[in-house]
Every structure is written in C-alpha cells, then in structure tokens.
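# What the coordinates show
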Amino acid sequence: MTGQSRSSGEIIMDRVKIVQAIAQANTEQLRLNQAASGLMVLDMKDTRDGVEDHTHEDMRAQNDAALKENTETINRLEAELAVLDEELQAVMKEQAE
C-alpha cells in the first residue's frame with residue numbers, strides 16, 4: 001500500500017467475496033462429512049457381514065485428507081475475514097472523527 005487506507009466500500013466488497021468463499025467451503029465441508037458418514041455405514045455393514053478387508057480404505061483416506069485441507073481453507077478464510085473486519089472498523093472509526 002501507499003499509506004492510503006482503502007475505502008469502506010472496497011473493504012466491504014472484499015468482505016463479501018470472503019464470505020462467499022467461506023459459504024462455498026462450508027458447503028464442501030458438509031458434502032465431505034456426509035461422505036465420511038457413508039463410509040462409516042459401509043464399515044458397519046462390512047463388520048456385520050464379516051468382511052475383514054474393507055475395500056473403501058482408499059476412499060476414506062482421500063476423504064479425510066480433503067476434510068483436513070478444507071478445514072484449513074475455512075480457517076484461513078475466517079482469519080482473512082477477521083483482518084478485513086478490523087480494517088473496516090478502523091476506516092469507520094476514521095470516518096467518524
């Protein structure tokens with residue numbers, strides 16, 4: 001930056017984009033959690049049927065990795081949102097003076 005603060009409108013537009021990205025990541029998290037639940041059901045079925053070698057271990061590992069990565073994405077986006085909120089608060093305070 002050149003020392004000039006951004007306008008509240010610019011910050012709000014960035015904030016809207018981050019909120020949309022968080023909503024998208026939360027939707028993905030829900031989908032991944034549902035997939036994890038489905039894999040648990042398959043485990044229970046295999047256990048009930050006496051199957052010892054679960055054929056969906058690779059799917060579980062991929063899903064677990066995707067869940068972890070998506071959680072990190074959500075955390076990063078929420079941190080970015082917090083920074084924008086602080087920036088917006090500072091600009092609003094500056095404008096009120």
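Predicted, not measured: the structure shown is a model, and the values here were computed from it.

Reading the values: the criteria
- Residues numbered from 1 in each chain as written.
- Predicted model: local features only at pLDDT ≥ 70, side-chain atom pairs only at ≥ 80, totals over all residues.
- Heavy atoms only, no water.
- Helix = DSSP H or I, 4+ residues; strand = E, 2+ residues; numbered from the N terminus.
- Rg over C-alpha atoms; globule rule 2.2 N^0.38 Å.
- Buried < 20%, exposed > 50% of the residue type's maximum accessible area, 1.4 Å probe, protein only.
- Contact = heavy atoms within 4.5 Å.
- Areas by Shrake-Rupley, 256 points an atom, 1.4 Å probe, with all protein chains shown as cover.
- Core = buried A, V, L, I, M, F, W, Y, C linked by side-chain atoms within 4.5 Å.
- Salt bridge = Lys/Arg side-chain N within 4 Å of Asp/Glu carboxyl O.
- Expected span 1.5 Å × (residues − 1).

What follows is about the overall build of the protein chain. The number of helices and strands found in the protein chain is 2 helices and 0 strands. Over its C-alpha atoms the protein chain spans a radius of gyration of 21 Å, topping by over 25% the 13 Å that the globule rule assigns to 97 residues. Expressed as lengths along the three principal axes of its C-alpha atoms, the size of the protein chain is roughly 70 × 20 × 15 Å. Put simply, the protein chain has 97 residues, and 23% of those count as buried. Once local pairs closer than 6 in sequence are excluded, the contacts in the protein chain between residues at least 24 apart make up 78%. Of the roughly 7200 Å² that the protein chain leaves accessible, carbon and sulfur atoms contribute 55%.

Ile11, Ile18, Ile22, Ala25, Ile74, Leu77, Leu81, Leu84, Leu88 and Val91 together form the largest nonpolar core, which totals 10 residues. Every element with two or more residues in this core is listed here: helix H1 (8-49) and helix H2 (57-96). At 6 residues, the largest contribution of residues to this core is made by H2.

Moving on, we come to the environment of Ala96. By secondary structure assignment, the location of Ala96 is in helix H2. With relative accessibility at 67%, the residue Ala96 sits in the exposed group. Sequence separation between Ala96 and Glu80 is 16 residues; the distance between their C-alpha atoms is 24 Å.

Attention now goes to the pattern of salt bridges. Pairing of side chains with opposite charge becomes possible as their charged atoms draw close. Applying the stated criterion across every chain, the model contains 9 salt bridges. Note that Arg60 and Asp43 form a salt bridge whose closest N and O atoms lie 2.3 Å from each other. Taken as a pair, Arg60 in helix H2 and Asp43 in helix H1 lie far apart in primary sequence, 17 residues in all. For the pair formed by Arg60 and Asp43, the shared burial category is buried. For Glu80, the salt bridge identified is with Arg76, shortest N-O distance 2.9 Å. Of the two residues, Glu80 and Arg76 both sit in helix H2, 4 residues apart, roughly one turn of that helix. Judged by relative accessible area, Glu80 falls into the partly exposed class, the value being 31%. A single salt-bridge network, built from bridges that share partners, covers Arg6, Asp14 and Glu87.

Turning our attention to the side chain of Gln29. Within the secondary structure layout, Gln29 lies in helix H1. Look at Gln29 and you get buried, because its relative accessible area is 15%.

We now examine H1. Counted at 1.5 Å a residue, the expected span for H1 with its 42 residues is 62 Å, and the 61 Å between its end C-alpha atoms agrees. All buried positions along H1 are accounted for by Ser8, Ile11, Ile18, Ile22, Ala25, Gln29, Leu32, Ala36, Leu39, Asp43 and Asp46. Against H2 lie the buried residues of H1. Just downstream of H1, Gly50 is the residue with a positive phi angle, here 80 degrees.

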